[in-house]
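Each chain, letter by letter, is given below.
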Amino acid sequence: MKKIFYIAFYFCSTLLFASCIGDLDQYPHVDETSSSIYTSAENYKSVLGKIYTSMVTTGQEKNGNEDLSSNSGQDYMRCYFNLQECGTDEVASTWLSGDNVTGLTYLSWDANDPWVSDMYYRIYYNIALCNEFLRNATDDKIGSFSADDQKQIRTYRAEARFMRALFYYHALDLFRNVPFVTENDPLVGYLPPQYTPQQTFDYIESELKTITDTNNPDNCLLVNGNEMYGRATLGAAYTLLAKLYLNAKVYINQEKYTECITACKNVITQGYSLEPDYPKLFNADNHLRTNEIIFTLPIDAVNTVSWGSSTYIVCGAVSNTSELQKPEDYGVKSGWGMFRVRGNIPTKFEQGDQRYMFFTEGQSLNVDVIDDQTNGYFVTKWTNLTDAKQTASNTADGGVNTDYPLFRLADVYLMMAEAHLRGGTGATNSEVTGYVNLLRERAYGDNSGNKQDYEFDNQNQSKNKEYLQFILDERARELYWEGYRRTDLIRYGIFTNADYLWQWKGGVKEGTKVNDKFNIYPIPNTELTANPNLKNENY
């Protein structure tokens with residue numbers, strides 16, 4: 001059984017609820033929280049658990065008592081996966097109309113898109129959970145507890161601040177100009193102002209710097225350890241900082257590549273190492289991969305089961321029509337046949353690269369008909385199998401036991417290499433080459449795929465574009481179907497224009513450019529109606 005600290009959050013979190021969509025009082029209201037819940041360190045721990053599980057569940061029960069009633073009411077990570085992957089070269093969706101993903105798939109969504117709306121309200125519901133926790137975790141509020149309990153709650157407080165920073169990062173990345181609210185704002189009748197990307201960026205950066213300041217232990221996160229599985233650590237905060245800095249040029253038109261390299265190095269000094277067996281990062285025993293997985297979202301088929309998150313990916317990548325692909329080979333009872341990969345991605349792999357994990361039998365490489373299950377390969381790197389290749393337990397109701405690795409060391413290595421090539425200082429050519437080659441040696445089983453120092457020379461301007469292209473392709477090979485692709489393509493400036501086309505980009509089989517407005521998602525129209533402080537540009 002996985003060691004998950006927050007499986008007992010249910011007893012108290014039912015007092016946190018959101019009102020209907022289109023009402024700016026959608027943030028959680030609390031009836032008896034202060035008097036009946038925030039009475040012990042253990043109860044604070046349980047409420048913190050609600051914040052973590054809010055990324056992978058829709059509410060208190062699998063098919064009921066949902067936190068939100070917005071549109072389809074999908075869980076956070078199912079929404080996030082769709083918004084990050086469905087419109088890119090990494091996913092070809094089968095249920096275009098049935099799952100309402102036509103707009104995402106063809107880069108043609110608007111401010112009424114149900115997935116865009118669900119993602120938006122999930123983000124702000126989760127921010128509200130963090131605000132409510134922090135409102136009740138001030139030094140004054142916990143002053144009557146024992147010294148040990150106060151110390152513990154301050155750690156929980158730092159974790160809640162990390163989670164809020166993560167949610168605001170997703171808001172910044174996906175929506176850019178977003179409303180801003182903290183625990184210091186009124187609960188009822190408050191209309192949050194719309195922050196500029198610079199304001200949101202500065203806030204996220206400030207929060208992450210505060211909770212990584214080891215000279216101030218009262219506000220600092222802890223290092224990785226057995227009790228920290230599935231929880232935010234220093235390594236997670238440094239990784240989020242690296243992501244913020246790597247994409248700063250997109251968000252605020254400022255280059256922060258040196259800061260990205262510093263953040264990556266801070267992650268590496270936490271003592272992480274690569275998992276030797278790549279597929280084990282995505283199986284039902286991946287809770288054992290804490291050497292590489294920096295921050296994970298624990299999933300199991302009893303305590304945190306849902307139709308979203310890793311269940312969505314594992315079951316969604318198994319055909320429900322093919323007689324050739326067997327669901328039991330992936331540890332599930334049935335496939336959903338929801339999506340495959342578009343033809344561009346498999347061609348990026350060279351012979352011998354063991355990360356090439358696709359089911360091809362009876363499938364065409366090219367996606368001539370995007371909603372035809374036989375068009376495009378199925379991705380097989382996510383499974384519900386244990387290390388012993390056995391179906392994980394507790395799968396009778398459809399859920400999987402595969403955790404969702406949100407941050408991995410491999411990503412940190414590639415971020416550092418890219419920041420170096422883009423002109424950041426603090427790393428040498430040989431240093432970043434060494435980190436990239438660790439990934440290549442795992443992928444090939446030997447040094448046959450290794451790169452040379454000169455290929456990471458950030459002073460060679462004539463070759464810089466070629467070297468950066470390698471990093472983008474290597475990110476696709478290493479990180480496909482992990483929720484990175486949209487952000488990567490935007491950072492490289494090729495998500496909407498004609499510089500890189502993939503099958504069915506813009507709704508055309510050969511691919512076509514689309515309006516640059518699709519580099520960000522719009523704030524839902526329901527929210528614009530409720531809050532006159534908000535507006536969308538270009539929608």
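Analysis parameters
- Each chain carries its own residue numbering, running from 1 in the written order of its sequence.
- For a predicted model such as this one, the threshold for reporting local features is a pLDDT of at least 70, and the threshold for listing and counting side-chain atom pairs is 80 or more; totals across whole chains, interfaces and linings nevertheless cover every residue.
- Where side-chain values are given, they derive from all heavy atoms of the structure, hydrogens and water being excluded.
- Per-residue accessibility, obtained with a 1.4 Å probe over protein chains only, is compared with the maximum for each type, and a residue is labelled buried under 20%, exposed over 50%, and partly exposed between these values.
- Runs of E in the DSSP output that reach at least two residues are strands. Runs of H or I that reach at least four are helices, and both are numbered from the N terminus.
- Pairing between two strands requires that DSSP report at least two bridges joining them.
- For helices, the fitted axis covers only the stretch in contact; all axes are lines through C-alpha atoms, and the angles between them, taken along N-to-C directions, range from 0 to 180 degrees.
- Every angle not falling under 35 degrees, over 145, or within 65 to 115 is termed oblique; those three ranges are roughly parallel, roughly antiparallel and roughly perpendicular.
- The handedness criterion is simple: a crossing whose near helix is rotated anticlockwise from the far helix by less than a right angle is left-handed, and one whose near helix is rotated clockwise is right-handed.
- By definition in these notes, contact holds between two residues if any of their heavy atoms fall within 4.5 Å.
- Just so you know the grouping, Ala, Val, Leu, Ile, Met, Phe, Trp, Tyr, Cys and Pro go in nonpolar, Asp, Glu, Lys and Arg go in charged, and all remaining residues, Gly too, go in polar.
- We define a polar contact as two N or O atoms separated by no more than 3.5 Å, with the added condition that, inside protein, one atom must be a possible hydrogen donor and the other a possible acceptor, whereas residues neighbouring each other in sequence contribute only through side-chain atom pairs.
- In plain words, nonpolar cores are sets of buried Ala, Val, Leu, Ile, Met, Phe, Trp, Tyr and Cys residues tied together by side-chain atoms within 4.5 Å.
- Note on ring pairs: Phe, Tyr and Trp rings are taken, using the six-membered ring of Trp, and paired if centres are within 6.5 Å. Classes follow the plane angle, with under 30 degrees stacked, over 60 edge-to-face and the rest tilted.
- Counted as salt bridges are all cases of a side-chain nitrogen of Lys or Arg within 4 Å of a carboxyl oxygen of Asp or Glu.

(A) Highlighting the pairing of strand E8 (residues 293–297). Within E8, five of the five residues are buried, which leaves the element mostly enclosed by the surrounding structure. With four bridges connecting them, E8 and strand E12 (residues 404–408) associate as antiparallel partners. Bridged to Phe295 within E12 is Phe407.

(B) Region of interest: the packing of helix H11 (residues 257–268) against helix H13 (residues 409–421). Running from N to C, H11 and H13 cross one another at 150 degrees; their axes reach a closest spacing of 9 Å. By the criterion of interaxial angle, the relationship of H11 to H13 is roughly antiparallel. Read as a crossing pair, H11 and H13 show a hand that is left-handed. In contact with Tyr257, Cys260, Ile261, Cys264, Lys265, Val267 and Ile268 of H11, H13 contributes Leu409, Val412, Tyr413, Met415, Met416, Ala419 and His420. Counted by class, the contact of H11 with H13 contains twelve nonpolar, one polar and one charged residues.

(C) Structural context of helix H4 (residues 76–85). Taken across its ten residues, H4 has ten buried, putting it largely inside the fold. The complete set of buried residues in H4 reads Tyr76, Met77, Arg78, Cys79, Tyr80, Phe81, Asn82, Leu83, Gln84 and Glu85. With a side-chain oxygen positioned 3.1 Å from the backbone nitrogen of Met77, the residue opening H4 is Asp75.

(D) Region of interest: the nonpolar core. Of all hydrophobic cores here, the largest spans 164 residues; its most connected members are Met55, Ile123, Phe133, Phe162, Met163, Phe295 and Trp481. Among the elements that make up this core, the one with the highest residue count is helix H7 (residues 147–175) (15 residues). Met55 has contacts with Asp75, Tyr76, Met77, Asn126, Met163, Leu166, Phe167, His170, Leu297 and Leu406, leaving out every residue within four places of it along the chain.

(E) Broad picture of the packing of aromatic side chains. Under the defined criterion, the tally for this structure stands at 41 aromatic pairs. Taking the centre distance of 4.3 Å and the plane angle of 35 degrees together, the rings of Trp109 and Tyr521 count as tilted. Here Trp109 is found in the loop between helix H5 (102–105) and helix H6 (114–135), whereas its partner Tyr521 is found in the loop between helix H16 (485–491) and helix H17 (525–530), with 412 residues between them in sequence. In this pair, the class of Trp109 matches that of Tyr521, namely buried. A centroid spacing of 6.4 Å and a plane angle of 45 degrees characterise the contact between Phe358 and Tyr377, whose relative ring orientation is tilted. Taken together, the residues Phe358 in strand E10 (residues 358–359) and Tyr377 in the loop between E10 and strand E11 (378–379) connect sequence positions 19 residues apart. A relative accessible area of 10% places Phe358 in the buried class. Among the aromatic residues, those joined into a cluster by ring pairs are Trp109, Tyr120, Tyr121, Tyr124, Tyr168, Phe175, Phe180, Tyr195, Tyr203, Phe518, Tyr521 and Tyr539.

(F) Quick look at the environment of Leu240. Among the secondary structure elements, Leu240 is positioned in helix H9 (residues 234–246). Here Leu240 falls in the buried class, since its relative accessible area comes to 0%. The spacing of Leu240 and Tyr500 is 260 residues in sequence and 27 Å in space, taken between C-alpha atoms. Ignoring anything within four residues of it in the chain, the contact list for Leu240 reads Phe162, Ala165, Leu166, Tyr169, Leu208 and Phe407.

(G) Geometry of the pattern of salt bridges. This model, assessed by the stated rule, comprises 38 salt bridges. Across the pair Lys381 and Glu482 runs a salt bridge, and its minimum N-O distance is 2.9 Å. Note that Lys381 is positioned in the loop between E11 and E12 and Glu482 in the loop between helix H15 (461–479) and H16, a separation of 101 residues in sequence. Taken individually, Lys381 and Glu482 each receive the classification buried, so the pair is uniform in this respect. Note that Arg491 and Glu418 form a salt bridge whose closest N and O atoms lie 2.6 Å from each other. Within this pair, whereas Arg491 is found in helix H16, its partner Glu418 is found in helix H13, the two being separated by 73 residues in sequence. As far as burial versus exposure is concerned, Arg491 and Glu418 are alike and both buried. By sharing partners, the salt bridges in this structure join Glu292, Glu350, Asp353, Arg355, Lys381, Arg408, Arg440, Arg442, Glu474, Arg477, Glu478 and Glu482 into a single network.

(H) Representation of the side chain of Arg164 in the model. Along the polypeptide, Arg164 turns up in helix H7. Residue Arg164 is classed as buried on the basis of its relative accessible area of 2%. For Arg164, the contacting residues outside a window of four places in its chain are Ile127, Cys130, Asn131, Leu134, Thr182, Glu183, Tyr203 and Glu207.

(I) Representation of unusual backbone geometry in the model. The backbone phi angle of Leu107 is positive, close to 55 degrees, even though this residue is not glycine. Looking at where Leu107 falls in the secondary structure, it is placed in the loop between H5 and H6. For Leu107, a relative accessible area of 2% puts it in the buried group. Even without being glycine, Asn538 reaches a positive phi, approximately 75 degrees. Among the secondary structure elements, Asn538 is positioned in the segment after H17. When its relative accessible area of 61% is taken as the criterion, Asn538 is described as exposed.

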